[in-house]
Amino acid sequence: MLELFDDDPISRPLTYPGRIPATSGVLVDDAYVPLQPAGDDPGGWGAAGEPLSALLAHRGCLPLTARHRVVAVGSNAAPSQLRRKFLDHGIRPVVPMTLADVPGVAPGVSAHVSRWGYVPAAPIDTPGETSRLFVLWLDERQLAALDLTEPNYTRRTLAHPVRLEPGPRLPPPFVYAGKHGCVLDGGRPRRLTPQRALIQSLLDGISGLRRVCGDTPYDFVARVRDETVRATACRLLQARPGRARAAG
C-alpha cells in the first residue's frame, strides 16, 4: 500500500482529503499494515502475522485499552496526512485505524479555508443515516499533537456509540467539530466531494469569490496562501446565507 504515501493534502492541497485506505489497518511509521478482523476484540485482530496487541507491544506502544478513540471525518483518515502531522510534532506515527459504522454523522464542508489552500471537511448531522468512517486509536501524546493540528475545530464526544466493521459496539468516540459552521447546498449541508470539483463549485456559486481567488482551483490554492486573501475567502464562505452549524 505504498501508494497511500505518494502525497498528502498539506503538500498537495487538491488531493484533499488524501488517499484513504480501503480496509482497517495500522499506520506504522511509513507503512500501512492491513488488519484481519477475528472476533470482537480488535486487539486480537491479525496484523502482519501477529495479533494487533503484539504488534503494538513489540514496538513499545500502548495497547488499545489505553488509547483514545477519534472518528476521522476528513484528512485524518489518510495515513500520509497523519504521518506528516505526527512527525511534525516529534511523535512516532503508530496508530491503529479501524473502520466503523457511525450513526448520524457524515463528512460535510467547513466554512473556512486551511492555510495550505484546501477547503476542509467538518462533520454534519445526518439523522437516520450511517457513515462508514475510520476510528483512530491514539495515545495521550498523539491525541495532544492532533489537537494542535486542529485549531479550527473543537474536540467533542459524539452522541452515539459506533460499531466496528465487523465487530462490537464501542462507546461514543471523539470527533473534531468545526468552529466555522458548514457550507450549504440548496438549503442542506453540502457533502464533502473531491477537492477540485468542490472548489470549482464554490468559485462558481459564491458571489465575489472569483474576484479574490481566481477562476480555477489552481488559482484558488495559489492565492489563498496569502493570509489577507484567505481571510477574505473565509468571510465569503461564512457570510453565505443559511450557513449551517457543523455537527459534534
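Think of each chain on its own: its residues are numbered from 1, step by step along the sequence as written. Predicted model: local features are reported for residues with pLDDT of at least 70 only, side-chain atom pairs are reported and counted for 80 or more only, and whole-chain, interface and lining totals are derived from all residues. With hydrogens and water excluded, all non-hydrogen atoms of the structure serve as input to the side-chain values.

### Brief notes about the overall build of the chain
Here is step 1: Strands are runs of DSSP state E lasting at least 2 residues, helices are runs of H or I lasting at least 4, and numbering of each runs from the N terminus. The helix and strand inventory of the chain stands at 7 helices and 13 strands.
Here is step 2: Taking 248 residues into account, the globule formula puts the C-alpha radius of gyration at 18 Å, and the chain, at 18 Å, falls close to it.
Here is step 3: Considered along the principal axes of its C-alpha atoms, the chain spans approximately 55 × 35 × 25 Å.
Here is step 4: Type-normalised accessible area, obtained with a 1.4 Å probe on protein chains alone, sets the label of each residue: buried when under 20%, exposed when over 50%, and partly exposed for intermediate values. Counting across all 248 residues of the chain, residues that qualify as buried make up 52%.
Here is step 5: Taking as baseline every contact in the chain between residues at least 6 positions apart, the subset at least 24 positions apart corresponds to 67%.
Here is step 6: Areas reported here follow the Shrake-Rupley algorithm with a probe of radius 1.4 Å; residue values treat only the protein chains shown as occluding. Split by element, the accessible area of the chain, about 10900 Å² in all, is 51% carbon and sulfur.
Here is step 7: The sign given to each residue is positive for Lys and Arg and negative for Asp and Glu; His and the chain ends receive no count. Every charge is mapped onto a representative atom, which is NZ of Lys, CZ of Arg, CG of Asp or CD of Glu. In the chain, the 30 positive side-chain charges and the 24 negative ones have mean positions that sit 6 Å from each other. The globule rule used here is 2.2 Å times the number of residues to the 0.38 power, and the radius of gyration it is set against is calculated over C-alpha atoms. Note on contacts: a residue pair qualifies if any of its non-hydrogen atoms lie within 4.5 Å across the two residues.

### Regarding the side chain of Gln142
Here is step 1: Tracing the chain through its elements places Gln142 in helix H3 (residues 140-148).
Here is step 2: Setting aside anything within four residues of it in sequence, one finds Gln142 in contact with Arg67, Phe86, Ile91, Arg92, Val94, Val95 and Trp137.

### Observations regarding the pattern of salt bridges
Here is step 1: Whenever Lys or Arg places a side-chain nitrogen within 4 Å of a carboxyl oxygen from Asp or Glu, that contact is recorded as a salt bridge. As enumerated under the stated definition, the model contains 13 salt bridges in all.
Here is step 2: For the salt bridge of Arg92 with Asp29, the shortest nitrogen-to-oxygen distance reads 2.9 Å. In this pair, Arg92 sits in the loop between helix H2 (79-88) and strand E6 (94-109) while Asp29 sits in the loop between strand E1 (25-28) and strand E2 (31-36), placing the two residues 63 residues apart along the sequence.
Here is step 3: The class of Arg92 is partly exposed, set by a relative accessible area of 39%.
Here is step 4: When its relative accessible area of 26% is taken as the criterion, Asp29 is described as partly exposed.

### Overview of the nonpolar core
Here is step 1: Take the buried Ala, Val, Leu, Ile, Met, Phe, Trp, Tyr and Cys residues and link them wherever side-chain atoms come within 4.5 Å; each set so joined is a nonpolar core. Of all hydrophobic cores here, the largest spans 29 residues; its most connected members are Leu56, Val71 and Val102.
Here is step 2: Contributing elements (two or more residues each) for this core: E1, E2, helix H1 (52-58), E6, strand E7 (121-138) and strand E9 (162-164).
Here is step 3: Setting aside residues up to four positions removed in sequence, Leu56 forms contacts with Cys61, Leu62, Pro63, Leu64, Arg67, Val94 and Pro96.
Here is step 4: Counting residues in hydrophobic clusters, the runner-up holds 21 residues, among them Tyr32, Val70, Ala72 and Leu136.

### Describing the packing of aromatic side chains
Aromatic ring pairs are reported here in terms of the distance separating the ring centres and the angle at which the planes meet.
Here is step 1: The aromatic pairing rule takes the rings of Phe, Tyr and Trp, using the six-membered ring of Trp, and pairs them if the centres are within 6.5 Å, calling planes under 30 degrees apart stacked, those over 60 edge-to-face and the rest tilted. Tallied over the entire structure, the rule returns 2 aromatic pairs.
Here is step 2: Judged by centre distance (4.4 Å) and plane angle (25°), the ring pair of Tyr16 and Tyr118 falls under stacked. Placement of the pair is Tyr16 in the segment before E1 and Tyr118 in the loop between E6 and E7, with a sequence separation of 102 residues.
Here is step 3: A relative accessible area of 5% places Tyr16 in the buried class.
Here is step 4: Taking the relative accessible area as the measure of exposure, Tyr118 reaches 5% and is therefore buried.
Here is step 5: Where Trp116 meets Tyr118, the ring centres are 6.3 Å apart and the plane angle is 20°; that geometry is what we call stacked.
Here is step 6: Judged by its relative accessible area of 24%, Trp116 falls in the partly exposed class.

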